[in-house]
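Observations on the three-dimensional arrangement
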Amino acid sequence: MIVVMSPRSSREHVDHVVQLLDDMGVRSCVIDGASRSVIELLETNGQLDRTRLESAPMVERVLDQPAPILAMDRASGNGEVQPREIPLGSRGVMGGRRFSVIAGPCSVENEDRLIETARGVADAGAVALRGGVFKPRTSPYSFQGLEERGLEMLARAREKTGLAIVTEVMCCKHVEKVEPYADVLQVGSRNMHNTPLLKAVGEQTKPVLLKRGWSATLEEFLLAAEYVIHAGNPNVILCERGIRTHEEYVRNTLALAIVPEVKRISSLPIIVDPSHGTGRTHLITPMSRAAIACGADGLLVEVHTMPSRAWSDGDQTLDVGQFRDLMQNLKSLAHACDREL
Ligand code: PEP
Ligand code: MN
């Protein structure tokens, strides 16, 4: 059972309900969302007085089952919900009026190439550097990532450029390894349904970049975000990266209609990955423009010093010059859409 407080409730109102539950012998747990708190009843016993609960000040409703409330807070409430702004390292932010671009190689390969890429994307206006060190590859014979060595390289790239670091975790053990190095922990498409991992990233404090599972519905996507928020971490950035369809001219079908729909029902920011979303370098710029136009909060783009030599995903990777052109190309459109780039 879950008690949904009004967005206008204060801490005192929430404490009052917790006390009320306590008096009834019911253990509870408060979850503070962006716009409201909800109180989850952990163990109910025979003394629960539902009517008293429902008539307590600023209680909006009492639901019989835990419901997806926080990730869908625009849909569930009648109060005004502000879009959430999430810190990206020390100088960036995701959400609000900013259009924030995360760029970098699919995989971290070596330090020189990483630093050269980081400098290039920082000069062009990226706010964060991406780079995988634990790689989810389809074949066990493909390059699997540099692991801890790669984390050290990412940390040095941050020192040299000031860019925030975004890198993927694939299992719970990775979380404690990556957390000290990264500014944002990425949960990839293959792991969107990995609930122990969602809980583990929810129990630490760094923001989480959650990619849509390639067969996930919007509801499943938001419920995966809910797992992270429910575990205690409200800083979730959603990422549309394309879904599997019968289509073959692209690696995935970039389902951009999800962007305005997420904006309608959720306060979470959502970005678009036109690299994995198309698998084709020449489609990155047009789909990035489409992402701005439909209201996305940013992009995740693969960039490498020499894409033809990249150890993974070269076909969907821009070189540094192409990335600079992309950023230039997006400026006037961002301005027209009232976004800062
Ligand atoms: C990635 O961004 O490095 C990645 C593996 O993407 P996805 O999880 O979307 O396949
Ligand atoms: Mn990739």
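Before reading on, note that the structure itself is shown above.
Given the structure is predicted, the values throughout are model-derived calculations rather than measurements. (Residues numbered from 1 in each chain as written. Chains lettered and ligands numbered in written order. Predicted model: local features only at pLDDT ≥ 70, side-chain atom pairs only at ≥ 80, totals over all residues. Heavy atoms only, no water.)

Some points on the pairing of strand β14 (residues 298–302)
Both faces of the sheet carry side chains from a regular strand, because those side chains alternate between them. Burial analysis of β14 places five of its five residues in the buried class, the great majority of the element. Burial along β14 is two-sided: the face carrying Gly298, Leu300 and Glu302 and the face carrying Leu299 and Val301 are both buried. The pairing of strand β7 (residues 100–104) with β14 spans five bridges and is classified as parallel. What sits directly across from serine 100, in β14, is glycine 298. Of the strand pairs in this sheet, strand β13 (residues 270–272) and β14 are connected by two bridges, and their pairing is parallel. Following the sheet pairing, valine 272 is matched in β14 by leucine 299. (Buried < 20%, exposed > 50% of the residue type's maximum accessible area, 1.4 Å probe, protein only. Helix = DSSP H or I, 4+ residues; strand = E, 2+ residues; numbered from the N terminus. Pairing = 2+ DSSP bridges.)

Regarding the nonpolar core
Counting residues in hydrophobic clusters, the biggest one holds 75 residues, and the most contacted among them are Leu129, Val201, Leu210, Leu238 and Phe323. No other element matches helix α12 (residues 320–336), which puts seven residues into this core. Both domain 1 (2–63) and domain 2 (86–336) contribute no fewer than three residues apiece to this core. Those residues within four positions of leucine 238 in sequence are excluded, and the remaining contacts are Leu210, Phe221, Leu222, Ala225, Val262, Leu268, Pro269, Ile270 and Ile271. (Core = buried A, V, L, I, M, F, W, Y, C linked by side-chain atoms within 4.5 Å. Domains from an automatic or database assignment. Contact = heavy atoms within 4.5 Å.)

Considering the coordination of the manganese ion (ligand 2)
Surrounding the manganese ion (ligand 2) are the protein donor atoms Cys106 (SG), His276 (NE2), Glu302 (OE) and Asp313 (OD), at 2.0 to 2.4 Å. Sequence spacing among the residues donating to the manganese ion (ligand 2) works out to C-x169-H-x25-E-x10-D. In this pair, histidine 276 is assigned in helix α10 (residues 274–278) and glutamate 302 in strand β14, connecting sequence segments 26 residues apart. Summarising the burial analysis for this pair, histidine 276 and glutamate 302 share the class buried. (Donors = N, O, S within 2.8 Å, 3.2 Å for Na, K, Ca; no water.)

Comments concerning the pairing of strand β11 (residues 208–211)
Where burial is concerned, the two faces of β11 agree: the one with Val208 and Leu210 and the one with Leu209 and Lys211 are both buried. Examined bridge by bridge, strand β10 (residues 184–187) and β11 share three bridges and lie parallel to one another. What sits directly across from leucine 185, in β11, is valine 208. Note that the unit made of β10, helix α7 (residues 195–202) and β11 has a crossover that is right-handed. Here β11 pairs with strand β12 (residues 236–240) via four bridges, running parallel. Of the residues in β12, the one forming a bridge with valine 208 is valine 236. In this region the chain leaves β11, passes through helix α8 (residues 218–230) and returns to the parallel neighbour β12; the handedness of that crossover is right-handed. (Right-handed = clockwise from strand over helix to strand, strands pointing away.)

As for helix α9 (residues 258–265)
When we look at burial in α9, the residues that qualify are Ile258, Val259, Val262 and Ile265. Taken down its axis, α9 places every buried residue within 145 degrees of arc, on the same side. (Arc of directions from axis to C-beta.)

Some details on the environment of valine 166
Its place among the elements puts valine 166 in strand β9 (residues 164–168). As a C-alpha pair, valine 166 and glycine 89 span 77 residues in sequence and 9.5 Å in three-dimensional space. When sequence neighbours within four positions are dropped, the list of residues in contact with valine 166 reads Ile102, Ala128, Leu129, Arg130, Gly131, Val184, Gln186 and Leu209.

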